[in-house]
Amino acid sequence: MSKPFFITTAIDYTNGAPHIGHAYEKVLADVLARYHRLKGDDVFFLTGVDQHGQKVQQSAEKQGVEPQQFVDEITAKFVALWDKLDVQYTGWAATTDPLHKECVRANLQKLWDDKDPATGQSRWLYKKSQRGFYSVRQEQFLTDKERGPDGQFGPEWGVVEERDEENFYFRLTQDPATGLPGWDPKQWLLDFIAKRSAEENPFVVPDFRVAELRHAVEKLDGDLCISRPASRLKWGIPFPETFGAGFVTFVWFDALVNYITFVPGHDPNYAERMKDEGGRMKGSVEDGPPPSSSAAGPTSSSFASLWPPLHVIGKDILIPAHGVYWPVMLKALGFSDDEMPTLLVHGWWNIAGAKMSKSLGNVIDPDALADKYGAEALRYYLMSDIATGKDADFSEERLIQSYNAALANSLGNLLNRTLSMAGKYRVGKVRQSPVEEWGTPMPPAPSDAPDAVKHMPWHSGFDAPGGKVYPDDYSNSFNMAVTAYTGHMRDSAIQWALEQVVQRATSANQLVDTAAPWKLAKDQTERGKAQLDIVLYSLAESLRIIAILISPVLPRAAHGIFDQLQWKLDAAGHESRFRLADAQWGGLPDGHTLGQPTPLFPRIEAPAA
Ligand code: MSP
């Protein structure tokens with residue numbers, strides 16, 4: 001059996017309600033997960049929330065509530081939004097989950113216990129005191145690099161105070177004095193990035209980001225501070241007692257570990273717990289035997305059956321978090337080069353070229369948009385109007401325009417006219433007309449013809465009222481579109497995959513215009529009847545294949561189309577209804593009866609300017 005597809009997203013900070021950027025990322029991952037299910041893969045799709053940190057602590061204090069209550073309320077908004085947008089994840093990561101706390105602590109302990117025989121010190125973690133200027137807002141020590149031309153720290157750093165603080169550090173570079181951790185993580189990372197690119201399996205996709213990451217690694221100096229004194233940050237995971245009292249984990253050693261904690265099989269009771277918590281465990285990936293300890297490791301067999309994942313993240317958290325800290329952490333924890341993940345880095349939605357921000361008051365609320373236009377209109381817009389990896393400008397106007405053009409006017413219209421004409425001229429029954437009856441076969445391609453020519457349809461077509469109709473060319477273009485679609489989906493270029501589907505709807509509408517079935521219907525000769533049959537069959541087949549291809553992005557519409565085609569009614573409402581293998585021309589049997597049309601994509605009327 002092939003390896004399941006394991007996909008994760010960034011876990012969202014719970015210091016505010018979800019915005020359009022969060023929604024985009026989760027829908028993108030959902031579409032990829034659904035595409036893999038369409039291909040017949042087992043899928044484990046992990047997403048969740050990042051619940052600790054100073055900002056949460058402060059926001060909760062401001063509201064006069066406990067931080068847990070605060071994050072529970074925000075978390076509920078994320079969960080409700082994913083339900084509304086049909087984001088069908090199979091694993092849920094919440095970093096205040098006791099399971100996660102255990103996992104983070106076990107991993108810290110594992111690195112602490114990995115001692116250098118010569119010095120008796122941990123090869124990976126050390127304690128150091130740092131004196132310097134600290135930005136309270138950005139929660140970090142500042143160096144002279146952060147000073148402006150006037151020698152001052154700019155307003156973006158908020159209050160800056162002098163501090164003397166002891167913390168734990170994780171090695172990203174080799175210590176020139178001790179040689180710890182025993183090899184050079186920075187050099188390993190550079191070699192690893194180069195090796196993955198040479199194997200045509202880049203560590204980061206789209207691969208234009210690889211150079212960006214390589215440059216950042218080349219410039220890397222210094223290690224990662226992974227703790228904060230508990231006196232200052234209360235809302236975090238306490239370090240194990242063996243580290244001495246009074247430290248909590250800071251940001252990345254908590255957040256990144258979620259990708260390990262919530263892999264089924266990591267906790268023997270995980271699947272049971274998820275079922276108890278409302279059936280979020282919807283995947284079909286089976287749990288394996290319990291791991292020997294709660295520390296991460298590529299040893300547990302269920303873990304190994306899933307690992308490594310594809311991490312879907314935004315461009316802002318590639319460098320340094322996912323592109324530097326994460327692979328070095330994994331390496332330190334014992335993961336081999338072959339067990340390193342792949343990072344799918346998406347761009348950002350901006351507003352009129354500017355970053356979305358609370359202070360500018362331009363934050364787009366996906367929940368309100370879904371209520372206004374429907375979840376599918378929003379999913380369609382988010383997947384079609386941005387090139388994966390690049391930034392785009394969010395525009396409600398474009399959402400309306402693209403929905404109306406592609407879905408209401410093109411696909412919706414195709415569905416409506418196909419079913420209406422089939423009902424009117426054939427009481428809904430579509431016939432697979434024998435070739436001899438609708439046109440004149442052409443001689444087969446010569447045996448020495450180039451392959452491309454050999455695979456061309458060899459049928460001359462027929463004269464229809466609006467011009468010549470070539471049914472073989474038409475059906476062949478669908479099979480070619482499926483191949484192109486598959487390639488784009490494999491490259492996570494959802495926008496191009498969707499374009500293939502939309503083009504098929506356009507070409508089906510052109511077929512209607514050229515063939516003019518209302519005129520063909522007046523031709524009572526055997527050939528005329530056969531020609532009408534082939535046109536109606538072609539349109540119904542087009543819709544069947546379009547529904548399959550569009551199902552990862554628009555699952556509800558895909559079901560709607562299948563329902564109206566009266567196709568696979570026994571699997572109505574189930575995702576298994578759609579299979580990529582069925583997206584080949586000729587699936588509807590001769591004599592199949594289509595249903596009645598019901599509008600699927602009502603036009604959105606643009607608000608008056
Ligand atoms: N909690 C961290 C991630 C930890 S992952 C181990 C975080 N959270 S976040 O809420 O700020 O961002 C979550 C995701 O949303 C990130 O991948 C981020 O890139 C993405 N986006 C945030 N704003 C965005 C846009 N305006 N557009 C698209 N995605 C954006 O970072």
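The structure displayed is predicted, hence computed values, not measured ones. (Residues numbered from 1 in each chain as written. Predicted model: local features only at pLDDT ≥ 70, side-chain atom pairs only at ≥ 80, totals over all residues. Heavy atoms only, no water.)

A. The overall build of the chain, seen in detail. In terms of regular secondary structure, the chain is built from 21 helices and 17 strands. Per-residue burial over the chain gives 55% buried out of 609 residues. Sequence-distant contacts, at least 24 apart, represent 75% of the contacts inside the chain between residues at least 6 apart. As displayed, the chain has an accessible area near 26,100 Å², and 52% of this comes from carbon and sulfur atoms. On the chain, the mean spot of the 62 positive side-chain charges and the mean spot of the 78 negative ones are 3 Å from each other. (Helix = DSSP H or I, 4+ residues; strand = E, 2+ residues; numbered from the N terminus. Buried < 20%, exposed > 50% of the residue type's maximum accessible area, 1.4 Å probe, protein only. Contact = heavy atoms within 4.5 Å. Areas by Shrake-Rupley, 256 points an atom, 1.4 Å probe, with all protein chains shown as cover. Lys, Arg positive; Asp, Glu negative; His and termini not counted. Charge placed at Lys NZ, Arg CZ, Asp CG, Glu CD.)

B. Expanded view of empty space enclosed by the protein. In the structure shown here, the tally under the stated rule is two cavities of 30 Å³ or more. In this structure, the largest cavity spans a volume of roughly 40 Å³. Looking at the largest cavity, the residues that line it are Val469, Tyr470, Pro471, Tyr474, Leu511, Ile534, Val535 and Ser538. Within the residue set of the lining of the largest cavity, elements represented by two or more residues are α17 (471-490) and α20 (526-550). Per-class residue counts for the lining of the largest cavity are seven nonpolar, one polar and no charged. The volume enclosed by the second largest cavity comes to roughly 30 Å³. Lining the second largest cavity we find Ala406, Leu407, Leu411, Val501, Val502, Ala505, Ile546 and Ile550. Elements represented by at least two residues in the lining of the second largest cavity include exactly α14 (396-426), α18 (494-515) and α20. (1 Å grid on protein atoms, 1.4 Å probe; cavity = no way out; pocket = protein on both sides within 12 Å on 5 of 7 lines; lining within 4 Å. Points joined across faces, edges and corners; volume = space filled by probe spheres on them. Nonpolar A, V, L, I, M, F, W, Y, C, P; charged D, E, K, R; others polar.)

C. Summary view of the site of the ligand. In the vicinity of the ligand there are 24 residues, among which Ile11, His22, Glu25, Asp50 and Asp316 approach most closely. Between the ligand and the protein, one listed contact pairs an oxygen atom with a side-chain N or O atom of glutamate 25 at 2.5 Å. At 3.4 Å, a side-chain N or O of tryptophan 348 approaches an oxygen atom of the ligand. Protein contacts shield 95% of the accessible area of the ligand, which totals 660 Å² for the unbound molecule. (Near = heavy atom within 4 Å. Polar contact = N/O pair within 3.5 Å; in protein donor to acceptor, adjacent residues only side chain to side chain.)

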